Amino acid sequence: LEEKRTFFETLQDKLAQLRDAREALSALRDEHNAHLRQKEAEMERQRYIQMMQKLEYMRVKKHEYMEYQRQLAVQRMQEQEREMQARQEANKIRMQMQQYQQQFPYSSGVGAAQPYQYQAVAGPPGAEMMPPGPPPPPQQPQQVYMMAPPGAGYGGVAPSVDAVAGMPMGGAPGVAGGD
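Every residue gets a number counted from 1 within its own chain, in the order that chain's sequence is written. Local features in this predicted model are restricted to residues whose pLDDT is 70 or higher, and side-chain atom pairs enter the listing and the counts only when it is 80 or higher, whereas totals over whole chains, interfaces and linings include all residues. Side-chain metrics rest on all non-hydrogen atoms present in the structure, leaving aside hydrogens and water.

Looking only at helices and strands, one finds 3 helices and 2 strands in the protein. Listed N to C, the secondary structure of the protein is α-α-β-β-α in terms of helices and strands. Every one of the 179 residues in the protein was classed for burial, and the buried ones make up 13%. Any two residues whose heavy atoms approach within 4.5 Å are treated as being in contact. Partitioning the contacts of the protein with sequence separation of at least 6, the portion at a separation of at least 24 is 68%. Carbon and sulfur atoms make up 59% of the accessible area of the protein, which amounts to about 14700 Å² in all. Only DSSP runs of H or I reaching four residues or more are called helices, and only runs of E reaching two or more are called strands; each is numbered from the N terminus. Only protein chains enter the calculation, and the probe is 1.4 Å; a residue is then buried if its accessible area is under 20% of its type maximum, exposed if over 50%, and partly exposed in between. Note on areas: Shrake-Rupley, 1.4 Å probe, and residue coverage restricted to the protein chains presented here.

Below you can see the structure in the form of structure tokens.
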């Protein structure tokens, strides 16, 4: 009877050791799973942070690109505006020259052959240039004032139309052709 009792006691001890070993193994398994979940959560957090950083980077790049596109558009608009202003100024000068030529049709033929040039005071800028082609239809005349070059001796009086064409009226010094 004593042997049976010791046998069962040792059997209970072995069962208790197995139970303790199973509990320890379960605890280690749970601890390992918790560690894996924590590691996975940390990796997920790192991916999220990287995704947010990349998203912010892309936002900044988009903003820079949009600013670049805006600057290009502004430059194109400014260039178009400059071209339009240049065309308007050229048209304005051409119109003024045509009006001047209509008012003084003989001034460009004789005066152009001589090296002497007059300066326009209130006339159109660039009046010494004439575009090729037939003259436009007559328009309302404008008054153009001319001033003699410095040292011509007019005393502040503008020369006549014939003087502009290279034919001085009254024999003004320094205006005769061939100077």
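From this point, the discussion proceeds with the structure in view.
The term salt bridge refers to a pairing of a side-chain nitrogen on Lys or Arg with a carboxyl oxygen on Asp or Glu at a separation within 4 Å. Here the structure, examined in full by the defined rule, presents 8 salt bridges. Close ionic contact of R5 with E2 constitutes a salt bridge, the shortest N to O distance being 2.7 Å. In this pair, R5 and E2 are both assigned in helix 1 (residues 2-103), 3 residues apart and thus about one turn of the helix distant. Here R5 falls in the partly exposed class, since its relative accessible area comes to 47%. Residue class for E2 comes out partly exposed when judged on its relative accessible area of 46%. In this structure, R45 and E42 form a salt bridge, with 3.0 Å as the shortest nitrogen-oxygen distance. Of this pair, R45 and E42 both sit in helix 1, 3 residues apart, which is roughly one turn of that helix. With a relative accessible area of 42%, R45 lands in the partly exposed category. With relative accessibility at 35%, the residue E42 sits in the partly exposed group. Here the salt bridges share partners, and the residues they tie into one network are E40, E44 and R47.

The quantity called pLDDT is the predictor's confidence in a given residue, expressed from 0 to 100. Considering every residue of the protein, the mean pLDDT works out to 76; 59% of them sit at 70 or more. Mean pLDDT values for the elements of the protein range from 45 in helix 3 (residues 161-164) up to 95 in helix 1.

Turning our attention to a nonpolar patch on the surface. Taken together, the side chains of F7, F8, L11, L15 and L18 define a hydrophobic patch exposed on the protein surface, amounting to about 500 Å² of accessible area. Along the polypeptide, F7 turns up in helix 1. For patch detection, residues must exceed 30% relative accessible area and be free of salt bridges, and they are connected within 9 Å for like charges or within 5 Å for nonpolar side chains (Val, Leu, Ile, Met, Phe, Trp, Tyr).

Right, let's talk about the packing of aromatic side chains for a bit. For Phe, Tyr and Trp, where Trp contributes only its six-membered ring, two rings pair if their centres lie within 6.5 Å, and the inter-plane angle classes them as stacked under 30 degrees, edge-to-face over 60, or tilted in between. Tallying each qualifying case throughout the model produces 2 aromatic pairs. Where Y100 meets F104, the ring centres are 5.0 Å apart and the plane angle is 55°; that geometry is what we call tilted. Judged by relative accessible area, Y100 falls into the buried class, the value being 12%. Residue F104 is classed as buried on the basis of its relative accessible area of 16%.

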